[in-house]
Amino acid sequence: MAAKDRDRFSTATRLRVLGEQTAARVYRSQTKRQARRSRLTGRAALLALVLCTLIVALAYPMRQYVSQRADIADLEREKAEATRRVEQLRDLKARWQDDAYAEQQIRERLHYVMPGETGFIVIDPDAVKKARADLGAADRPWYSNVWDGVDKSDASDQ
């Protein structure tokens, strides 16, 4: 036993025990660091930063692209409408080149009659009454307004 006690106090034994304790501390600290350590590494953080920068850098041009595509679609629609309107006007111009069509339109719109014909215009009495009722003070002759004023003042006296 004396050899065992002597061995316990020897420098080699003490260094070995000290080394084991230090190794145990290092192992414990490494396991704690690994447990605490986040999964986000420096490379992953750099990659995320580059991706965010690309998204921010491309957001405005993409918005402009979509906006311009919408403008192009609107202009194409307007062009199609203008083309359709041009075709209608060409058809109308071709019709006006025909003398029979021009004569028909002149008779209808301007109430012209050919020599020897008698022209008649039929007036709907209900439409005339309605038109007179719709006239405001500014649309009627001045003497109608004066007479209406006299009638209204006379009616208020009674």
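The structure contained in this document is the topic of the report that follows.

Rules used in this analysis
- Residues numbered from 1 in each chain as written.
- Predicted model: local features only at pLDDT ≥ 70, side-chain atom pairs only at ≥ 80, totals over all residues.
- Heavy atoms only, no water.
- Helix = DSSP H or I, 4+ residues; strand = E, 2+ residues; numbered from the N terminus.
- Buried < 20%, exposed > 50% of the residue type's maximum accessible area, 1.4 Å probe, protein only.
- Areas by Shrake-Rupley, 256 points an atom, 1.4 Å probe, with all protein chains shown as cover.
- Contact = heavy atoms within 4.5 Å.
- Patch = residues over 30% accessible without salt bridge, like charges linked within 9 Å, V, L, I, M, F, W, Y side chains within 5 Å.
- Salt bridge = Lys/Arg side-chain N within 4 Å of Asp/Glu carboxyl O.
- Axes fitted to C-alpha atoms, helices over the stretch in contact; angles between N-to-C directions.
- Parallel < 35°, antiparallel > 145°, perpendicular 65-115°, else oblique.
- Phe/Tyr/Trp six-rings, centres within 6.5 Å; stacked < 30°, edge-to-face > 60°.
- Expected span 1.5 Å × (residues − 1).

Let's talk about the overall build of the protein chain
Logical step 1: Scanning the protein chain from terminus to terminus reveals six helices and zero strands.
Logical step 2: Secondary structure elements of the protein chain, listed N to C terminal, follow the sequence α-α-α-α-α-α.
Logical step 3: Of all 158 residues assigned to the protein chain, the portion counted as buried reaches 3%.
Logical step 4: Accessible area for the protein chain stands at about 15,100 Å²; split by element, carbon and sulfur atoms hold 59% of it.

Quick word on the side chain of Q105
Logical step 1: Mapped onto the secondary structure, Q105 falls in helix 4 (residues 99-110).
Logical step 2: Residue classification places Q105 among the buried positions, given a relative accessible area of 8%.
Logical step 3: When sequence neighbours within four positions are dropped, the list of residues in contact with Q105 reads W96 and L110.

Describing a nonpolar patch on the surface
Logical step 1: Taken together, the side chains of L46, L47, L49, V50, L51, L54, L58, M62, Y65 and V66 define a hydrophobic patch exposed on the protein surface, amounting to about 1,000 Å² of accessible area.
Logical step 2: By secondary structure assignment, the location of V50 is in helix 3 (residues 42-97).

What about the pattern of salt bridges?
Logical step 1: One pass over the structure, following the stated rule, counts five salt bridges.
Logical step 2: R77 is the salt-bridge partner of E81, the closest N and O atoms lying 3.3 Å from each other. Placement of the pair is E81 and R77 together in helix 3, with a separation of four residues, close to one helical turn.
Logical step 3: Across the pair R90 and E87 runs a salt bridge whose closest N-O atoms are separated by 3.3 Å. You can see R90 and its partner E87 sitting in helix 3, three residues apart, about one turn around the helix.

A closer look at unusual backbone geometry
Logical step 1: With phi around 60°, H111 is a residue other than glycine that occupies positive phi space.
Logical step 2: Here H111 lies in the loop between helix 4 and helix 5 (125-134).
Logical step 3: With a relative accessible area of 53%, H111 lands in the exposed category.

Overview of the packing of helix 3 against helix 4
Logical step 1: Contact pair helix 3 / helix 4: the axes reach a minimum separation of 5 Å and the direction vectors enclose 90°. Considering the angle they form, helix 3 stands roughly perpendicular to helix 4. Of the residues in helix 4, those in contact with L92, R95, W96 and Q97 of helix 3 are D99, Y101, A102, Q105 and R109.

Regarding the packing of aromatic side chains
Logical step 1: Going through the model one piece at a time under the given rule, you end up with two aromatic pairs.
Logical step 2: Between W96 and Y101, the aromatic rings sit 5.3 Å apart at their centres with planes inclined by 85°, giving edge-to-face as the arrangement.
Logical step 3: The interplanar angle of 80° and the centroid separation of 5.9 Å between the aromatic rings of W142 and Y143 together place this pair among those described as edge-to-face.
Logical step 4: Residue classification places Y143 among the exposed positions, given a relative accessible area of 51%.

Structural notes on helix 4
Logical step 1: Across its 12 residues, helix 4 extends 16 Å between first and last C-alpha, which sits within 8% of the 16 Å expected from 1.5 Å per residue.
Logical step 2: Close packing links the buried residues of helix 4 with helix 3.

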